[in-house]
Amino acid sequence: MSGSPALDIVIVSHQCRDLLAACLRSIEQHPYAGGATAVTVVDNASRDGTDELVLRQFPTVAFVPLPDNRGFSQANNVALRDCRAERVLLLNPDTEVWAGVLDDMVAFLDAHPRAGIAGCRLLRRDGSFDHAAKRSFPSISDAVRHFSHAGRSDHYLAAHVAEDGVGAVDAVNGAFMLVRRAALDEVGLLDGGFFMYGEDLDWCYRAKRAGWDVLYNGEVSTLHVKSGSAGSQRGLRQNWAFHGAMGRFYRKHHAGRHALLDLVVYTAIVAKFGASAVGSAIARGIR
């Protein structure tokens, strides 16, 4: 499209001013060299000076303040509706792009025309791998085991692709998710019913169901401060959002085949929510 940027970058923020500043500086320091880049920050009603930070220190960044916290999906969708580039990058504010990452990942997406979504290797500050960078869709048996504490399954780690390898996976992490415009147009926006958590899994599921590949490129690495914007311990609302997202994903894509199985899965999710909420409260020192 005439006058359109070569790359759109969308960042959703909420109460993470310093992390967002580091993220935006990393984009300035390591820009995409292949063409014009449009960066949009959609802010979920932060009260920490995020607006002043962006407007004063990053005047070329489009800033969209929301009057209330609408969650990750809906806030992203506000910007996605106006994106015009052939590639759109969803980027978390607790990431920092390293040298060459944007160019390498755009080239990777362009080299695989059936790839609708691509993600890279995500590393924490201590150099450890964020395993959520590549995932398999949870099977019903995996979900029941996980949410009922009946055992641990590593199936979701997409172990068939090495950490530093390249290959097709079921899902990549919404912290760094590069999306092809044609796939976005066909698959549609993020499901706004996911407040936070699960929306990236759902988007990848829908993309694969529409015939697009989801690819992981472990040869390209960037920083993800894991839980940097959400906190290391989930609060009650975050716990509810996480477990609610798992319930929504199951309801959308698996429920309705066997009533008894549905009951088991939903009961397990509720039980796991209760246990996680109590555990997080204790960890936070709440009595």
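In this report, the structure presented in the accompanying data block is examined. (Residues numbered from 1 in each chain as written. Predicted model: local features only at pLDDT ≥ 70, side-chain atom pairs only at ≥ 80, totals over all residues. Heavy atoms only, no water.)

1. Some remarks on helix 4 (residues 101-111)
Buried within helix 4 are the following residues: Val101, Leu102, Met105, Val106, Phe108 and Leu109. Within helix 4, the buried residues cover an arc of 155° as seen down the axis, which keeps them to one side. Looking at the buried residues of helix 4, the elements they touch are strand 1 (7-13), strand 4 (87-91), strand 6 (115-123), strand 8 (166-168), strand 10 (176-180) and strand 11 (213-224). (Buried < 20%, exposed > 50% of the residue type's maximum accessible area, 1.4 Å probe, protein only. Helix = DSSP H or I, 4+ residues; strand = E, 2+ residues; numbered from the N terminus. Arc of directions from axis to C-beta. Contact = heavy atoms within 4.5 Å.)

2. Observations regarding the pairing of strand 6
Of all 9 residues in strand 6, 9 are buried, a share of seventy percent or more. Summarising the sheet, strand 6 and strand 11 pair through 8 bridges and their orientation is parallel. Bridging from a neighbouring strand, glycine 119 pairs with tyrosine 216 of strand 11. Strand direction decides the pairing type here: strand 6 and strand 10, joined by 2 bridges, are antiparallel. (Pairing = 2+ DSSP bridges.)

3. Examining helix 3 (residues 71-80)
The buried count for helix 3 comes to 8 of 10 residues, which makes it a mostly enclosed element. Among the residues making up helix 3, those that are buried are Gly71, Phe72, Ser73, Ala75, Asn76, Asn77, Ala79 and Leu80. As for helix 3, its buried residues are in contact with strand 1, strand 2 (37-44), strand 3 (62-66), strand 4, helix 6 (181-187) and helix 7 (199-209).

4. Section: the nonpolar core
Judged by nonpolar contacts, the single largest core of 80 residues is most densely connected at Ile11 and Leu24. Setting aside residues up to four positions removed in sequence, isoleucine 11 forms contacts with Leu20, Cys23, Leu24, Ile27, Val39, Thr40, Val41, Val42, Leu91, Asn92 and Pro93. (Core = buried A, V, L, I, M, F, W, Y, C linked by side-chain atoms within 4.5 Å.)

5. Examining the side chain of aspartate 130
Structurally, aspartate 130 can be placed in the loop between strand 6 and strand 7 (134-135). Judged by relative accessible area, aspartate 130 falls into the buried class, the value being 1%. When near neighbours in sequence (up to four residues on either side) are disregarded, aspartate 130 contacts Leu122, Arg124, Asn173, His224 and Lys226.

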